[in-house]
Amino acid sequence: MYSMDDDGLDLWRFRALLAFGIIFAGLFVYSLFDLVFLALGRNGEATVTETYVINGRRSDSLMMEFEYREPEATEPRKGKINLGSDTAAGPPPGTTFEIQYLPIWLLDSPDAARPTRPFGWFVFSLLLMSAAGCGVFAYRAIYYPDGEASSTPRRKR
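Trainee: An account of the overall build of the chain is requested, with residue identities and associated values reported.
Mentor: A tally of helices and strands in the chain yields two helices and five strands. In the chain, the succession of α and β elements from N to C terminus is α-β-β-β-β-β-α. Here the chain holds 157 residues, and 24% of them are scored as buried. The long-range share in the chain, meaning contacts at least 24 apart out of those at least 6 apart in sequence, stands at 61%.

Structural data, given as structure tokens:
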């Protein structure tokens, strides 16, 4: 019969560490761009150059292209964003709006800019809690209670 001895606790610790690790990895991937925009992003203003509809298999998507200038750049940079399946309303060309963008030395692509939005503090706090859970269960998986090493059964001679 199964009993909750050291081996059972080790299995429980391993499962908890694995669960917190998977949650941490998922939240990290989900919030990676938010973290990069928080650390290195800059604020600016962009002008809509074109809006168009892309026909997909399941639904249509409204795409918006825009241009913006970095203070130290001579040429305007271009950006593109998918506004979703709401194809009825799109901003007309020439409309200006606030954006967040990454410096050109970090990322030079149309994905390097996005409309300004608030930082996802809820997801970030979940990320920190899952990191703390990983740390606690990794510590418990490595070290035994009271600092004692696990005892191995002695061999009979």
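Trainee: Could you give an account of the side chain of Ser31, naming the residues involved and the relevant values?
Mentor: Mapped onto the elements, Ser31 comes out in helix H1 (residues 6-40). The residues contacting Ser31, other than those within four sequence positions of it, are Val123 and Leu127.

Trainee: Got a sec to walk through the sheet that holds strand E1 (residues 42-55)? Specific residues and values, please.
Mentor: Within the open sheet, the five strands sit side by side as E3-E2-E1-E4-E5. Their pairing is antiparallel. Edge positions in the open sheet fall to strand E3 (77-84) and strand E5 (113-115), since each of these has one partner strand only. Across the sheet, the mean angle from the axis of one strand to that of its neighbour is 45 degrees, orientation sign disregarded. Where strand E2 (residues 60-68) meets E3, seven bridges bridge the pair, whose relative direction is antiparallel. Considered in E3, the bridge of Met64 is made with Ile81.

Trainee: Hey, could you go over the packing of aromatic side chains for me, with residue numbers and the actual values?
Mentor: One pass over the structure, following the stated rule, counts nine aromatic pairs. Here Phe24 and Phe28 contribute two aromatic rings whose centre-to-centre distance is 6.1 Å and whose plane-to-plane angle is 20 degrees, an arrangement assigned as stacked. Residue Phe24 and its partner Phe28 are located together in helix H1, separated by four residues, close to a single helical turn. When the ring of Phe66 is compared with that of Phe97, the centres are 5.4 Å apart and the planes differ by 80 degrees; the resulting orientation is edge-to-face.

Trainee: Let's hear about the pattern of salt bridges: which residues, and what values?
Mentor: Under the defined criterion, the tally for this structure stands at five salt bridges. Glu70 is the partner of Arg42 in a salt bridge, and the nearest nitrogen-oxygen pair spans 3.3 Å. Residue Arg42 is located in strand E1, and its partner Glu70 is located in the loop between E2 and E3; the two are separated by 28 residues in the primary sequence. Residue classification places Arg42 among the partly exposed residues on the basis of a relative accessible area of 30%. Glu70 sits in the buried class, given a relative accessible area of 3%.

Trainee: Give me the nonpolar core: which residues, what numbers.
Mentor: Counting residues in hydrophobic clusters, the biggest one holds 13 residues, and the most contacted among them are Ala46, Met64, Phe66, Tyr68, Phe97, Ile99 and Ala113. Elements with a minimum of two residues in this core: E1, E2 and strand E4 (96-101). In this structure, Leu27, Leu35, Val123 and Leu127 belong to the second largest nonpolar core, which totals five residues.

Trainee: So what about the pairing of E2? Which residues, and what values?
Mentor: In this structure, E1 lies alongside E2, joined through nine bridges in antiparallel fashion. Directly across from Val53, in E2, lies its bridge partner Leu62. Linking E1 to E2, which pair antiparallel, is a turn of four residues.

Trainee: Residue-level account of the confidence of the model for the chain, with values.
Mentor: When pLDDT is averaged along the chain, the result is 82; 83% of the residues meet or exceed 70. Averaged over each element, pLDDT in the chain is lowest for H1 (84) and highest for E4 (92).

Trainee: Can you break down a nonpolar patch on the surface residue by residue, with the values?
Mentor: On the surface, a nonpolar cluster with roughly 400 Å² of combined accessible area is contributed by Leu11, Phe14, Leu18 and Ile22. Here Ile22 is to be found in helix H1. On the basis of relative accessible area, Ile22 is assigned to the exposed category, the value being 57%.

Cut-offs applied
Residues numbered from 1 in each chain as written. Predicted model: local features only at pLDDT ≥ 70, side-chain atom pairs only at ≥ 80, totals over all residues. Heavy atoms only, no water. Helix = DSSP H or I, 4+ residues; strand = E, 2+ residues; numbered from the N terminus. Buried < 20%, exposed > 50% of the residue type's maximum accessible area, 1.4 Å probe, protein only. Contact = heavy atoms within 4.5 Å. Pairing = 2+ DSSP bridges. Axes fitted to C-alpha atoms, helices over the stretch in contact; angles between N-to-C directions. Phe/Tyr/Trp six-rings, centres within 6.5 Å; stacked < 30°, edge-to-face > 60°. Salt bridge = Lys/Arg side-chain N within 4 Å of Asp/Glu carboxyl O. Core = buried A, V, L, I, M, F, W, Y, C linked by side-chain atoms within 4.5 Å. pLDDT = per-residue confidence, 0-100. Patch = residues over 30% accessible without salt bridge, like charges linked within 9 Å, V, L, I, M, F, W, Y side chains within 5 Å. Areas by Shrake-Rupley, 256 points an atom, 1.4 Å probe, with all protein chains shown as cover.

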